[in-house]
Amino acid sequence: MTNVRRIINLCRKRKILRRKVFLRTPDFNPLDELSDEEIFARYRFRRETILFILDLIDLHVRFATARSMAVSPLMQLLAALNFYATGAFWKTTGDSLKLSAATVHRCVHRVSKALSDVIDSMFIRFPTPNELETTKRSFYEKSGFPDVVGAIDVFCIRIVKPMQNDGEYFNRKGYHSYNLQVTCDTNTRITSCEERSGSVDDATMFQESEIRKIFEQGSFEGVLVGDSAFPCEKHLMVPYLETDSESHERYNNAHSEAREPIEQTFELIKRRFACLNSGLRVEPEKARTIIRACVVLHNIGLARGDLLPASDTDGDSEDDAEEIPDMACEIGCDSKYREQIRKKYFCDSS
């Protein structure tokens, strides 16, 4: 009987030792314990930018009470930034900040919602009519392509298979995803952002998008440049799939140069926010807020001059495969405006 009690007591002690208890003081600040290099490595932003973001979201994530050791806005932000930067499991992020996995999960989505639903309009906006001329000039100086107000593309972001309606998110590449349609300027600043389920192709996504409606209403004068997955329209120029003259070649070369910023934008986002590379292990609506939060943070980084080092690059992901041209987009497309541009700007004067 004595031996049985001894075994029971030993098991109890071992269980207590295995139980992880996080003890935090209200003024605990992990940034005070890290160098500037370590801060950037963990959170992908400099100390000053982190504090700037904190000021933006403080009132939106702060708990109304300090009872039960409520997690401070700074700790919530650091948990979210570390997750965005690494795509790590909740527990891994929590261990570095003395937070439980469940708490990290709540922090990430609380901060993501604040960034995506409240702060986004401050940092994601299309150029005003006065700014459009500067944008057009910048694209023309870069590529020689006239009247461009933005480059556009769609980025597939892998998500875990949803519990419901999983077919809506299954894309043509063979996995579940959210599709992110983005326009940007020559400085890789994102000027519009829309999300749709992965089963929606690029052409359909654009035709149903808010940015297209704005162009159709005549709010902006100019064109977007996109790849051959998009339809050729009055306000959207795509490359020629068949080039049978030098003017077609010159048009395509200039078009490719004009599209470079959008490719650079996606590369920068993937390098800063590894969670978008590894795939989001959350339900679709939470994935949407995380994706949009990363877009907002990308623009904040640009606005603050908080840029990634040129040497800080990860290898291309398997999802970076070249788009397969869709001949259906070329057939019957509204190409008369494209022809006007080719003949006016890319044909020999003779």
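The preceding data block contains the structure.
Residues numbered from 1 in each chain as written. Predicted model: local features only at pLDDT ≥ 70, side-chain atom pairs only at ≥ 80, totals over all residues. Heavy atoms only, no water.

Caption draft 1: Quick look at the packing of aromatic side chains. Scanning the model with the defined rule gives 15 aromatic pairs in all. Both rings, one in Tyr 169 and one in Tyr 178, keep their centres 5.6 Å apart while their planes meet at 70°; by these two values the pair is edge-to-face. Per residue, the accessibility class of Tyr 169 equals that of Tyr 178, and both read buried. Grouped by ring-pair contacts, the aromatic residues Phe 45, Phe 83, Tyr 84, Trp 90 and Phe 273 constitute a single cluster. Between the NZ or CZ atom of Arg 158 and the centre of the ring of Tyr 175, over which it lies, the distance is 3.9 Å. Here the basic side chain of Arg 281 rests over the ring of Phe 89, its NZ or CZ set 4.3 Å away from the ring centre. (Phe/Tyr/Trp six-rings, centres within 6.5 Å; stacked < 30°, edge-to-face > 60°. Buried < 20%, exposed > 50% of the residue type's maximum accessible area, 1.4 Å probe, protein only. Lys NZ or Arg CZ within 6 Å of the ring centre and 35° of its normal.)

Caption draft 2: Summary view of the pairing of strand β1 (residues 148–158). By the criterion of burial, β1 is predominantly enclosed, with 10 of the 11 residues buried. Alignment of β1 against strand β2 (residues 177–184), held across 8 bridges, turns out to be antiparallel. Looking across to β2, one finds that Arg 158 is bridged to Ser 177. (Helix = DSSP H or I, 4+ residues; strand = E, 2+ residues; numbered from the N terminus. Pairing = 2+ DSSP bridges.)

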